[in-house]
Amino acid sequence: RVVRGMAPIFGTSGEIVALGGSGTGGLQAAVASSFSPGERVLAAPVGIFGERLAAIARAFGLEVELLETRYGSALDPEALAARLRADREQRIAGVLLTHNETSTGVQNDLGALAAAFGEHPALRIVDSVSGLGATPFAMDAWGYDIVVTASQKVLAAPPGLALVAASARAWERIAAARGPRFYFDLAKARQFAHDGQTPWTPPLSILAALEVGLERYHAAGAAAVYARLERYARAIRSFAETLGIELFSRPGAHSVTVVALRVPPGLEAGTIRTRLRERGIVFGGGQGPMKGKILRIGTMGDLSDADLLAGLEAFETVLCELGLNAADGRGLAAAHRVLSATPVTA
Ligand code: PLP
């Protein structure tokens, strides 16, 4: 039932397997099951999670080439197209992409990136741990081969379950690949799934919770979920813009599931987060080179208008205490205006 509920969210009629493990386990399964040591992959990170995907590939003995993008920006489809066109000998066996980069609040345009592949035969692998279900996704129509997501993001279940969808072409490559793998072996997971089983003891409690998450998702309807997340992200962005707080993501690259803001000049991320936590509000901080420079606000999960407004009110109060003069209630009013101008659909 979980796999059936996931299919329209992936936008695939291909096979989907559920693996015990968090999103990273799903990404490891995708990389370890699809390639043989020494094969070359092109990784195109736009943040820390994309870098981690590249690190997984290195750990499994792949030769990793990086296509770099400035953090805060989305991957340029033309840059990807140019690199693949230049690979005349077709040495690149796989391309590793991130759909939604949680560390920078950036969403890649996977529809536009799909067109960049042209006739190149590289296997197209996507980390959509924090993106799937939040915006329209058409795995089959776009031609992606393996897409990985996890239980704890848009579907609002507890963490500990990875979901991996793979195309017919991917299953052929998986059968031929000789990379070391055991627990996170997609071929084994698929073989057991045909009998309604898993190779190892599955996390049943999370499967049960995800079933409820999926029932709620489909009862609301995907379009209503997209609208809810977009509405929350817009309210947060409007709050920030009103107070003169810069967004970290570039225009056109904003994620709807996480909004990344630059820490206002003169203020400290750590102090802001500590004071917020004292009020019961948790904001993410920056990771890697963004540490101390950005704050991240998630819109996923069982969030209500009241939760969001309470979080932003606390944020504005803390900013005011720390001397940001503009933080006099204007930010909250702006967020409120966005929420009241946009009807609730889910
Ligand atoms: N990829 C992205 C984009 C993520 O946001 C995360 C987690 O936040 C992961 C991968 C890793 O997932 P997990 O922490 O479930 O292993």
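Quick summary incoming for the structure in this document. None of these values were measured; they are calculated from a predicted model.

This part takes up the sheet that holds strand β12 (residues 294-298). Strands sit in the order β10-β12-β11 across an open sheet of 3 strands; the sheet is antiparallel. One side of each edge strand has no neighbouring strand; the edge strands of this open sheet are β10 (258-262) and β11 (284-285). As defined by bridge partners, β10 adjoins β12 across 5 bridges and the pair is classed as antiparallel. Bridge pairing links V259 to I297 in β12. Contacts from helix α11 (residues 269-278) reach β11 and β12, with the element oriented near 35° to β12.

This next bit is on unusual backbone geometry. Backbone geometry places Q90, a non-glycine residue, at a positive phi of 55°. Position of Q90 relative to the elements: it lies in the loop between α4 (77-86) and β4 (92-98). Positive phi values are uncommon outside glycine, yet A156 reaches one of about 60°. Here A156 is to be found in the loop between β8 (146-150) and β9 (161-166).

Let us look at the sheet that holds strand β3 (residues 63-66). Taking strand neighbours across the sheet as the criterion, the 7 strands line up as β1-β9-β8-β7-β4-β2-β3 in an open arrangement whose pairing is mixed. This sheet does not close on itself; its edge strands, each paired only once, are β1 (15-20) and β3. For this sheet, the mean inter-axis angle between neighbouring strands, taken without regard to orientation, is 20°. Pairing of β4 with strand β7 (residues 123-127) involves 5 bridges; the strand directions are parallel. Bridging from a neighbouring strand, T98 pairs with D127 of β7. This element, helix α7 (residues 168-176), spans β1, β4, β7, β8 and β9 of the sheet and lies at about 105° to β7.

The set of residues buried in helix α1 (residues 2-10) consists of V2, G5, M6, A7, I9 and F10. Of the surrounding secondary structure, the elements contacted by the buried residues of α1 are β1, α6 (139-142), β8, β9 and α9 (204-220). Immediately downstream of α1, the backbone of G11 shows phi near 75°, a positive value.

Once that is clear, we can look at the site of the ligand. Surrounding the ligand, one finds 13 residues, the nearest of these being S22, T24, T102, D127 and Q152. One of the backbone nitrogen or oxygen atoms of G23 is found 2.8 Å away from an oxygen atom of the ligand. Protein coverage of the free-state accessible area of the ligand, which is 390 Å², stands at 88%. At the level of elements, α2 (23-34) and α3 (48-59) are the ones that each hand at least two residues to the shell around the ligand.

For the coordinates displayed, the defined rule picks out 8 aromatic pairs. Ring plane angle 70° and centroid distance 5.2 Å describe the contact between F137 and W142, whose orientation is recorded as edge-to-face. Residue class for F137 comes out buried when judged on its relative accessible area of 7%. According to the relative accessible area criterion, W142 is partly exposed, its value standing at 24%. With a centroid separation of 4.8 Å and 90° between ring planes, the pair formed by Y183 and F184 is classed as edge-to-face. Overall, the relative accessible area of 40% leaves Y183 in the partly exposed class. Chaining the aromatic ring pairs together yields one cluster made of F117, F137, W142 and Y144. Of note, K188 hangs over the ring of F182, and the distance from its end group to the ring centre comes to 4.0 Å.

Reading the values: the criteria
Residues numbered from 1 in each chain as written. Predicted model: local features only at pLDDT ≥ 70, side-chain atom pairs only at ≥ 80, totals over all residues. Heavy atoms only, no water. Pairing = 2+ DSSP bridges. Helix = DSSP H or I, 4+ residues; strand = E, 2+ residues; numbered from the N terminus. Contact = heavy atoms within 4.5 Å. Axes fitted to C-alpha atoms, helices over the stretch in contact; angles between N-to-C directions. Buried < 20%, exposed > 50% of the residue type's maximum accessible area, 1.4 Å probe, protein only. Near = heavy atom within 4 Å. Polar contact = N/O pair within 3.5 Å; in protein donor to acceptor, adjacent residues only side chain to side chain. Areas by Shrake-Rupley, 256 points an atom, 1.4 Å probe, with all protein chains shown as cover. Phe/Tyr/Trp six-rings, centres within 6.5 Å; stacked < 30°, edge-to-face > 60°. Lys NZ or Arg CZ within 6 Å of the ring centre and 35° of its normal.

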